[in-house]
2 protein chains.
Amino acid sequence: MSRWKPDPQGRLIVAALELFNEQGYETTTVAQIAARAGLTKRTFFRYFADKREVLFSGTEELERAWLDGVAGASADATPLAAVDAGLDRVAEMFVERHAFARIRAGIVAANPELQERELIKLQNLAGAITATLRARGVSANAAVLAAQAGVTVFHVAFAQWVEQDEPAAFRRLMEESLQELRSVAAA
Amino acid sequence: MSRWKPDPQGRLIVAALELFNEQGYETTTVAQIAARAGLTKRTFFRYFADKREVLFSGTEELERAWLDGVAGASADATPLAAVDAGLDRVAEMFVERHAFARIRAGIVAANPELQERELIKLQNLAGAITATLRARGVSANAAVLAAQAGVTVFHVAFAQWVEQDEPAAFRRLMEESLQELRSVAAA
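The model shown is predicted, which means the values in this text are computed figures rather than measured ones.

About the criteria used
- Residue numbers here run from 1 along each chain, matching the order of that chain's written sequence.
- Whichever chain is written first is A, and whichever ligand is written first is 1; the rest continue in order.
- Two thresholds apply to this predicted model, a pLDDT of at least 70 for residue-level local features and 80 or more for giving and counting side-chain atom pairs, whereas whole-chain, interface and lining totals are computed over all residues.
- The side-chain figures draw on all heavy atoms in the structure; neither hydrogens nor water molecules are used.
- Contacts: residue pairs with any heavy atoms within 4.5 Å of one another.
- Summed over both partners, the accessible area (1.4 Å probe) lost when two parts come together is defined as the buried area.
- Counting of polar contacts relies on pairs of N or O atoms within 3.5 Å, with two restrictions inside protein: one atom must be capable of donating a hydrogen and the other of accepting it, and residues adjacent in sequence are counted only when both atoms are side-chain atoms.
- A helix here means a DSSP run of H or I that spans at least four residues, while a strand means a run of E at least two residues long, and both kinds are numbered starting from the N terminus.
- Following the grouping adopted for this structure description, the nonpolar residues are Ala, Val, Leu, Ile, Met, Phe, Trp, Tyr, Cys and Pro, the charged ones are Asp, Glu, Lys and Arg, and the polar ones are all others, Gly among them.
- Superposing copies: least-squares fit, C-alpha atoms only, residues required to have pLDDT of at least 70 in both.
- What a helix is expected to span follows from its residue count: subtract one and scale by 1.5 Å.
- Under the scheme applied here, a residue whose accessible area is under 20% of the maximum for its type counts as buried, over 50% as exposed, and between as partly exposed, the area being computed with a 1.4 Å probe on protein chains only.
- One confidence number per residue, pLDDT, is output by the predictor and ranges from 0 to 100.
- Criterion for a salt bridge: a side-chain nitrogen of Lys or Arg within 4 Å of a carboxyl oxygen of Asp or Glu.

Colleague: Could you give an account of the interface of chain A and chain B, naming the residues involved and the relevant values?
Modeller: The interface is formed by 24 residues belonging to chain A together with 24 residues belonging to chain B. It is Leu119(A), Leu145(A) and Val184(A) that lose the most area in chain A upon contact with chain B, and together they represent 26% of the buried surface on that side. There are four residue pairs in polar contact (both at pLDDT 80 or more) connecting chain A and chain B. Elements with a contribution of two residues or more to the side of chain A that touches chain B: helix H8 (112-135), helix H9 (140-161) and helix H10 (170-185) of chain A. Top element by residues in the side of chain A that touches chain B is H9(A). It accounts for ten residues. Here the residues of the side of chain A that touches chain B sort into 14 nonpolar, seven polar and three charged.

Colleague: A description of the relation of the copies chain A and chain B should follow, citing residues and the corresponding values.
Modeller: Expressed as a screw operation, the relation of chain A to chain B combines 0.0 Å of axial shift with a rotation of 180°, fitting to an RMSD of 0.0 Å. This pairing of chains is accounted for by a two-fold axis. A symmetric contact is evident, with 100% of the interface residues of chain A recurring at the interface of chain B.

Colleague: Can you tell me about helix H7 (residues 98-109) of chain A, naming the residues and giving the values?
Modeller: Residues and elements named next belong to chain A. For H7, with twelve residues, the first-to-last C-alpha span of 16 Å sits near the 16 Å given by 1.5 Å per residue. Every buried residue belonging to H7 is among His 98, Phe 100, Ala 101, Arg 104, Ile 107 and Val 108, and all of these are buried. Residues of H7 that are buried in the fold lie against helix H1 (8-23), helix H4 (51-54), helix H6 (79-94), H8 and H9.

Colleague: Describe the confidence of the model for chain A, listing the residues and the values that go with them.
Modeller: When pLDDT drops low, the exact placement of atoms in the prediction is not to be read closely. Residues and elements named next belong to chain A. Across chain A, the average pLDDT comes to 92, with 97% of residues at or above 70. Considering each helix and strand of chain A separately, the mean pLDDT is smallest for H7, with a value of 91, and largest for helix H2 (residues 30-36), with 97. Predicted complex, confidence summary: ipTM 0.81, pTM 0.86.

Colleague: Can you break down the pattern of salt bridges residue by residue, with the values?
Modeller: By the definition in use, this model includes 26 salt bridges over all chains. Between Glu53(B) and Lys121(B) there is a salt bridge whose closest N-O contact spans 3.5 Å. Pair noted here: Glu53(B) is in helix H4 (residues 51-54) and Lys121(B) is in helix H8 (residues 112-135), with a separation of 68 residues, a long-range link. Overall, Glu53(B) belongs to the buried group, its relative accessible area being 15%. Each of Asp84(A), Asp88(A), Arg171(A) and Glu175(A) takes part in salt bridges that share partners, so that together they form one network.

What follows is the structure, encoded as structure tokens:
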């Protein structure tokens, strides 16, 4: 399922996930990760600030995909429709990451510090989406509410997606989650 | 505006806010806070784990008020209407805290560590609201989406409330924020 290319960064990610899985996140060291990948610690630190960042290496790409989608939505799209256009890009990007995402989700769920880190990353993502909506002329409150709703929709769908066996289901799960939000918010 | 009673906890909160304001949050020590309140460090630690917790002393009460409102909403209330019933209680509780909330907001905004703490507290609050909605028979996804939406509505209204001079406006600002969410989510 995994399609990591044999570049140093990809090898380090695979090695880290294997070790986190085998012996736990806490006890795994950067030296062990580098050794498993057949690389030096020096090379590790060229790609990651610390071992924790291995688990968040996709964050920037996720943000870029989402923001590109929001910025590129048609000019008459509502704020939430623009956010949803970003989710299309995100879903495409995630299809081939299902195996990584599943293992990663288990590690994060078992570690409160990683959960906090995830929370902060998602909040930063919501902030970036808010700014992109503002640049489209959306009012401040509507931008915050739509961005936050989008991140929650993503989060709910993501939790379901890593629980099941169909990598391509992410887009459908996000659509269902978005429909559920619309129905929850309907007066 | 402030109506802190002269109990030790209230005196410690007032003393801490004064000192944070005068000399900054970072440089203020627990010993200074206790001295300003005319109390000992020992007494301080009877009420707060550390100086940071002074700023989050209302969190439990906020959560209790909100959850009581959700649990007590009429049986046929939609998930979001139940969340909104909690916001009524929260608004009542906050009216007399306007002065505290304004000063506190400035301190939190200037300190990334406090912002992270606030984010985590809000996320825990969303989790508790989700659980209360689940106990009302709301499905898992709808509960997460409604709880998260409620916390965002609260957050948006709170940010406006601390910027203005009318303590009683919180309920109206939350209602406006909720209406904006409904309109953002409308297809």
